[in-house]
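Structure at a glance
Below are the chains, spelled out letter by letter.
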Amino acid sequence: MFRFRSLWRFSTVHFHQGNPSLQASENVTLRGVTLKGRYNDLPNLIFIPEVLDPIENWIPFFTDKDNHILDYRNVHIVSARNFGNSDRNPSFDIEDQANDVLRYMYYNKITMATLAGHGLGARVALATGCYHTERVTGVFAIDYTPMDLRYHESFKELQGYILKLRDVNLKQQKGAIDAKLKEIVECPKWRSILSQNLKRSGEGYEWRFNFEDLYHNLSFNKGDSLGYWPTKCGLFTGRINFAFPEYSRWVHLGTNTMPMLIKCTQLKGFGQDILSIQGDENPLNHWVYEFPDQTFAFSRKLTRFLSLYDGVHVLLQDRSEVGKYYIPEVINTKKDPNHVYSDYTPAHYYHNWRFNNVYKKQ
């Protein structure tokens, strides 16, 4: 893991106040950290990490000055419901989770935002885009594909680890708990993440996530399973990039990219907005922030998406055509010398028009 404290000086870091509590589904509050961008009045990017992954693990990725992400966006790294410092609720329904993100935007006075996520966090980001397209300028998904992962090797590995946690006695010393985790969790990265999720409580420790409801969700593994992409999400019609390691265990290049094209209508195809990042066959390559070469490559793909495509009308090629390219109303109207094109320039709005009076000033 990166040592990230030295990187924070390049950005204003604000950890959200509040402790997780059991709430009705419509009242769940998401919490995490806000990283202020390097310029005033920047749009916002909301990033949702992989399940169980603490938000602190992603701070170096976004605050590293060489990655330039904060040159384009304010970044909000938030945990999904039932994880981290976000509120708890028994429901893992994907629509409920999408509504959580919209509620977070409202509470933080964000009209529209770029959504991004890693692994199953990208599942929530994409679902929010499907349910609330008008509030999402674009989606960037890292190592995820919208398909049924419930019987996928990597998901079953995670499922198995969670089910084994029932045997861990939390009323003992941290060293003894870590020894038990080493016995039942083979993957060193998942073991490290679970150790990070331990916090002091009374005479022992407790989990920083909603263990009981997560255990129930993965035990039954039905339609609301974390690994399932339900058809009720419909299609995403906005701009999106999928990026994953070349030898990903979560996204198999030969088969798992087809669901991307089916669910996301504006995708152009492999090499354009479906991106396989070159690397080796390291089984830990899912955790892209652990490897400097992967961190650099993924951050470059993200900044390219933010600078050229995110928020640009889907009828345009990229940002260079904004205000310069006219869309004809019907075919062949460009041949009519008397046709007026000004009404057919795709509209682009100020990113925070709902909570700002910028248009009234004009």
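See the structure printed just above.
Residues numbered from 1 in each chain as written. Predicted model: local features only at pLDDT ≥ 70, side-chain atom pairs only at ≥ 80, totals over all residues. Heavy atoms only, no water.

Bringing the overall build of the chain into the picture now. When helices and strands are tallied, the chain shows ten helices and ten strands. Over its C-alpha trace the chain gives a radius of gyration of 21 Å, about what one expects of a compact globule, namely 21 Å for 362 residues. If you line up the chain on its principal axes, its C-alpha atoms span 80 × 45 × 40 Å. In the chain, which comprises 362 residues, the share counted as buried stands at 52%. Once local pairs closer than 6 in sequence are excluded, the contacts in the chain between residues at least 24 apart make up 72%. (Helix = DSSP H or I, 4+ residues; strand = E, 2+ residues; numbered from the N terminus. Rg over C-alpha atoms; globule rule 2.2 N^0.38 Å. Buried < 20%, exposed > 50% of the residue type's maximum accessible area, 1.4 Å probe, protein only. Contact = heavy atoms within 4.5 Å.)

Turning our eyes to something else, we now look at the pattern of salt bridges. Oppositely charged side chains can form a pair if their charged atoms are brought close together. Going through the model one piece at a time under the given rule, you end up with 15 salt bridges. Across the pair Asp66 and Lys65 runs a salt bridge, and its minimum N-O distance is 3.6 Å. With relative accessibility at 42%, the residue Lys65 sits in the partly exposed group. Residue Glu212 pairs with Arg166 through a salt bridge whose shortest N-O separation is 3.0 Å. Linking Glu212 in helix α7 (residues 211-220) with Arg166 in the loop between α4 (153-164) and α5 (174-184), this pair joins segments that are 46 residues apart in sequence. Judged by relative accessible area, which is 46%, Glu212 ranks as partly exposed. Taken together, the shared-partner salt bridges in this structure form one network comprising Arg81, Asp100 and Arg103. (Salt bridge = Lys/Arg side-chain N within 4 Å of Asp/Glu carboxyl O.)

What follows deals with the side chain of Asn221. Counting through the fold element by element, Asn221 comes out in the loop between α7 and β9 (240-245). Classification of Asn221 by relative accessible area gives buried; the value is 9%. Among the polar contacts listed, one links the side chain of Asn221 to the side chain of Ser225, at a separation of 2.7 Å. Apart from residues no more than four positions distant in its own chain, Asn221 is found in contact with Arg150, Phe155 and Gln159. (Polar contact = N/O pair within 3.5 Å; in protein donor to acceptor, adjacent residues only side chain to side chain.)

Turning to the environment of Leu120, a few remarks are in order. The topology assignment puts Leu120 in helix α3 (residues 120-131). Residue Leu120 is classed as buried on the basis of its relative accessible area, which comes to 3%. Placed 40 residues apart in sequence, Leu120 and Gly160 show a C-alpha to C-alpha distance of 16 Å. Once you skip the residues sitting within four places of it in the chain, Leu120 turns out to touch Glu50, Val51, Tyr144, Leu149, Phe155, Leu158, Leu226 and Trp250.

So, on to α3. Counted at 1.5 Å a residue, the expected span for α3 with its twelve residues is 16 Å, and the 17 Å between its end C-alpha atoms agrees. In terms of burial, α3 is a largely internal element, eleven of the twelve residues being buried. Of the residues making up α3, those classed as buried are Leu120, Gly121, Ala122, Arg123, Val124, Ala125, Leu126, Ala127, Thr128, Gly129 and Cys130. In the core, the buried residues of α3 are packed alongside β3 (44-48), α2 (94-107), β5 (113-118), β6 (136-142), α4 and β9. (Expected span 1.5 Å × (residues − 1).)

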